[in-house]
Every structure is written in structure tokens, then in C-alpha cells.
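# Structural description and commentary
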Amino acid sequence: MSGKAMEAGRTLAMGEDEATARARSTVEAPFGRALARLGQARTDIVGLTADLGKYTDILPFRDAFPNRFFNVGMAEQNLVAVAAGLARTGLTPFATTYGVFASRRAFDFIAIALAHSNLNVKIVAGLPGLTTGYGGTHQAIEDLALMRMIPGLTVIDPCDAIEIEAATEAIADHPGPVYMRLLRGVVPVVLEPGYKFEIGKARKLRDGADVGIVSTGFMTERALDAAEALAGRGVSVAVLHVPTIKPFDAEAVAEFAAGVGHVVTAENHVVVGGLGSLVVETLFDAGVTRKVTRIGLPDRFIECGAVPTLQARYGLTTEAVVATIAGLQ
């Protein structure tokens, strides 16, 4: 059976412990809801998918604007090429597929057809990192490393439903190509009311002095929960959320690291080439000397299995973050 036809854990979009997920409010399809709202105000916005409309939460836009929605079929390179052509006519295309298909199969098309010409296309990529149990063919575990290497491409990894909606609106107004990871289905609300998303800006969500966690994507939820748990053990943990991988907020990261005793990075991605690598590069360039511990996926393909089981096995849970930081003390 084609992986594109499979459902991959929509009820818990991030696969975290079910009790934790139930403790937070949720939003159904925050990306699709935000895009449909944008479509009401802006007739230039169009939606595209490569036979994955149901599984990338773009159906609310399709249902609202069927004449502005295009399914190009199982052809990711064509998806990018069609989006590029639409952008050249003055439209603002949002093109959805899985992260593995965008970053692996359509990499050259995104680099040359979009970024090289600075076209105004937004690639929205589902199943980031370890959010599906369908193994290496569907787990986009190296997409941040690949995409941050493309000149001129903005790369975003949102934390929760609030940030997905805010980021969707922000990238619609942002000129040029964007790659945004998508948490789909029922997505928890983690950030506080009044949180402001801004492309290229990191946000300190919690103060602390002993350890500072620099996190992105759904690992920010784990970081905040771990910091709360560790406070009960007398460990003071700060959290800096970095939703934009490129352009990277190096100044905020360097300042944050200088104020803590030990830096921990947390990402839903291989530890090679992603957030952890960016933080180490940033601290070296800024002359900030701190021990850095990286939490993320190992440099290998991940097997098939239940998402919560895999996340626990590979350290992408609150409990794993707590254990890692406790081991540093």
C-alpha cells in the first residue's frame, strides 16, 4: 500500500505521552484553518498538494476555495514546478506534501525553481522528524539540515497550534520561498496567549540559570515540561524557543547561552546539521564557551513502530529530557 494513502497518527499529532496531551487544549488542523482565513482576505493565495490534501490539513482551504486548489497527483517535483509557475503570475502558492518528498525528491526543484529565482512559494511539509511510525521512507529526519543549506530559503519549525496559525499568516506576508514543517491533525496548544511569532526571532519562554534548553518544533513542549519537573528537583532551567531555523537568531542564542551554566539543544531531527549544529556554530562564532549537549535523533534511519514507543526509544520525550539534564548535574 502506498504510504501516501495511509493515515499516520492524526489524533496525537506529535505522539507525546497521551496523559500530557490530554492536559492541554488542542486545535484541529490549525494550518488549514489559518489558510482558509487568509484566503477570505487575499485572492492571490492558492493551495496545491501532491495527492496528500487529507493528510496535510489543507482541505479546509480546498473546501472554501475549490477553484483555487490544485492536486497535481503523486509528483512532488511537478508540485514545485507548478507552484513556481503560479508564483510568476503574481499568485502566492501554498504547496503541501510530506517533508521527505519535498526535501528528498524535490530538493533540486526547490533550490533552483524557487530559491534561485526568489519565487514567492510556501512549501508546507507534513510528518516532520519522528511523527510517523512508517519508517525511513516517511520520516523527515534530516530535512532541516538539507533545507537550511539552500540560499535564500526561509525555514520554520513551529511548536504548537498557536504558532502554526501565526506562522502561516507570517509566511503569507513574507516575500520569497519558505519551507515550513507541519504538525497536523489535532495539535496541542503549548504557548501562552499573547505569544508573538516573528520570522527570524527566538523567544525566551522561561528563565533559569543552571541549564538552558534551546529548542525548536514540538521539542519546545518537552523542554517546558522538563524545566517544570526539574524545578522540583532544585535545577533551574531556562528555555529558548527557536522556531526559525533560517534566518537564525544567532544573537539571541549567544546571549541566552552566556547566561546559563550548560546548554542543551532539543530537536525533532537528527543531531547532525540541524538545530544542535547551528547552536554550536553560533557559540563558536560569538566566542561563547559553554558545554553543549544535543538531544535529537541519531545519525541513522529509524525503524517502523508506534510513534510514542519510537519517541521514547530515541529520547524525544519529556522524561528523556529530564533524565538527560539530571545526568548533567
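Counting of residues starts from 1 at the beginning of each chain's written sequence and follows it residue by residue. The model is predicted, so local features are restricted to residues of pLDDT at least 70 and side-chain atom pairs to those at 80 or more, both for listing and for counting; the totals for chains, interfaces and linings are taken over all residues. Note that the side-chain values use all heavy atoms of the structure and ignore hydrogens as well as water.

One confidence number per residue, pLDDT, is output by the predictor and ranges from 0 to 100. Per-residue pLDDT for the protein chain has a mean of 94; in total, 93% of the residues score no lower than 70. Per-residue pLDDT stays below 50 along residues 1-14; that stretch engages in 52 contacts with residues further than four places along the chain or on separate chains. Here, two residues are considered to be in contact whenever any of their heavy atoms come within 4.5 Å of each other.

Looking now at the pattern of salt bridges. Any Lys or Arg side-chain nitrogen found within 4 Å of a carboxyl oxygen on Asp or Glu counts as a salt bridge. Within the structure shown, the criterion is met by 19 salt bridges. When the shortest N-O distance is used, the salt bridge between D63 and R62 registers 2.8 Å. Note on exposure labels: buried denotes an accessible area under 20% of the residue type's maximum, exposed denotes more than 50%, and partly exposed covers the range between, all computed with a 1.4 Å probe on protein chains only. Relative accessible area serves as the criterion here: at 52%, D63 is assigned to the exposed category. A cluster of three or more residues bridged by salt bridges with shared partners is formed by R24, E221, R222 and D225.

On to the sheet that holds strand β13 (residues 262-270). Between any two strands, pairing holds if DSSP finds at least two bridges. Under the DSSP-based scheme used, a helix requires at least four consecutive residues in state H or I and a strand at least two consecutive residues in state E, with every element numbered from the N terminus. The strand order β9-β11-β10-β13-β14 describes an open sheet built from five strands, whose pairing is mixed. Every other strand in the sheet has two partners, leaving β9 (203-206) and β14 (292-297) as the edge strands with one partner each. Neighbour-to-neighbour, the strand axes of this sheet turn through a mean angle of 25°, independent of strand direction. Looking at chain direction, β13 and β14 are connected through five bridges and run parallel. Each bridged residue has a counterpart across the sheet, and for T265 the counterpart in β14 is R294. Whenever a helix is involved, its axis is fitted only over the stretch in contact; in every case the axis is a line through C-alpha atoms, and angles between N-to-C directions fall within 0 to 180 degrees. Here helix α10 (residues 250-258) sits on the sheet in contact with β9, β10 (211-215), β11 (237-241) and β13, set at roughly 175° to β11. Strand contacts of helix α11 (residues 275-286): β10, β13 and β14, with the helix running at about 145° to β13, the strand carrying the most contacts.

This part is about the pairing of strand β5 (residues 122-126). Among the five residues of β5, five are classified as buried, and the element is accordingly described as predominantly covered. Across the two faces of β5 the burial is the same, with K122, V124 and G126 and I123 and A125 all buried. When strand β4 (residues 92-98) meets β5, the two strands line up parallel, connected through five bridges. Note on β5: the bridge partner recorded for F94 is K122. Summarising the sheet, β5 and strand β7 (residues 178-181) pair through four bridges and their orientation is parallel.

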